[in-house]
Amino acid sequence: MSELIGLAVLLILLSLVVASSFEEENRLKALSVAWVVFLLLTFSTIATEWARMTAVLVNQEDDPHYGLPDLWDGKQVVCLHFPERNVPAGFDDGRHHIDYDGTDFMTDVEWNETGACIGGFSGFENGWDLLDAAINATGDDFAVTTTSYSFGLMIDSIASVDPSTMAGEFNGAYWSLYHNGALSMVGIADLELDPDSVVTWRVDTW
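Residues numbered from 1 in each chain as written. Predicted model: local features only at pLDDT ≥ 70, side-chain atom pairs only at ≥ 80, totals over all residues. Heavy atoms only, no water.

## Brief notes about the sheet that holds strand β9 (residues 198-205)
Quick note on the threshold: In this analysis, strands are considered paired if DSSP registers two or more bridges between them. Runs of E in the DSSP output that reach at least two residues are strands. Runs of H or I that reach at least four are helices, and both are numbered from the N terminus.
Read across the open sheet, the seven strands follow the order β3-β2-β4-β1-β9-β7-β8; overall the sheet is mixed. Pairing within the sheet leaves two strands with one partner each, and these edge strands are β3 (104-108) and β8 (182-183). One ladder, built from four bridges, connects strand β1 (residues 76-82) with β9; its direction is parallel. For Val77, the partnering residue across the bridge sits in β9 and is Val198.

## Notes on helix α3 (residues 127-137)
Here is the rule we go by: For each residue, the accessible area found with a 1.4 Å probe, counting protein chains only, is set against the maximum for its type, and the residue is called buried under 20%, exposed over 50%, and partly exposed in between. Whether two residues are in contact is decided by their heavy atoms, any of which lying within 4.5 Å being enough. By the criterion applied in these results, polar contacts are pairs of N or O atoms within 3.5 Å in which, for protein atoms, one can donate a hydrogen and the other can accept it, and in which residues neighboring in sequence qualify only through two side-chain atoms.
Among the residues of α3, Gly127, Leu130, Leu131, Ala133, Ala134, Ile135 and Ala137 are the ones counted as buried. Taken together, the buried residues of α3 touch β1, β4 (114-121), β5 (144-149), β6 (152-158) and β9. For α3, the side-chain oxygen to backbone nitrogen distance between the N-cap and Trp128 is 2.9 Å, and the N-cap itself is Asn126. Count one or two residues on from α3 and you reach Gly139, which has phi positive near 65 degrees.

## Observations concerning the pairing of β5
Remember that side chains alternate between the two faces of the sheet whenever the strand is regular. Strand direction decides the pairing type here: β5 and β6, joined by six bridges, are antiparallel. Within β6, the residue paired with Tyr149 across the bridge is Gly152. Connecting β5 to the next strand, β6, in antiparallel fashion are two residues.

## Quick notes on helix α2 (residues 24-53)
The test is simple: One less than the number of residues in a helix, times 1.5 Å, gives the span that helix is expected to have. The angle separating two fitted axes, one through the seven residues that finish at a residue and one through the seven that start at it, defines the bend at that residue.
Taking 1.5 Å of rise per residue, 30 residues should cover 44 Å, yet α2 covers just 38 Å from first to last C-alpha, more than 12% shy of that figure. The largest bend in α2 comes to about 60 degrees, at Thr42. Along α2, the residues classified as buried are Ala30, Leu31, Ala34, Phe38, Thr42, Glu49 and Arg52.

## Looking at the state of the cysteines
As a reminder of what qualifies: Disulfides are defined in this document as cysteine sulfur pairs within 2.5 Å.
Counted according to the given criterion, the structure contains one disulfide. Paired by a disulfide, Cys79 and Cys117 hold their sulfur atoms 2.1 Å apart. Measuring handedness by torsion sign, the sulfur bridge of Cys79 and Cys117 sits at about 110 degrees and is right-handed. You can see Cys79 sitting in strand β1 and its partner Cys117 sitting in strand β4, a full 38 residues away along the chain. On the basis of relative accessibility, which here comes to 0%, the residue Cys117 falls in the buried class.

What follows is the structure, encoded as structure tokens:
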């Protein structure tokens, strides 16, 4: 929304400059050329912002993209869900939807988990590469720490949330990995992705 407001202000300023630079008989022609050039240069940004403003959540429960913005259909997504008492600051009001460029454009306050989904990616074949892109897109708000074992890479913490330090009516807790709604049988470094994969991290206990 802010991008569109900024573009509208820029268009107004451009129109004023062009209008004041030409005689009345050439003013309309000059403005027309300026508007066409402006729209050609900003069309991609306008289309992206409009898609974000008009996005609705997918409501088909059997779809891996269920609950995600429809503009991410056919795209790859990483979701990070945090326990109620361990939500990073600024993300405790629902599930935030953050586009591939880091724009936080929608929050679902009705969702039964808190955290964020970062989506709109394409072309990733490996789970770790997608996770890394999602973390980078958010400016490291959800920085990850890992430990390498003989059996693979293990996520220790996300956004400084370390399940091994949690206490409650359970023996232990850990970050678990889901792929398209199902518990992954391989680690993130070995996870092979689909063109529209949804990778989800949440804390599970035993």
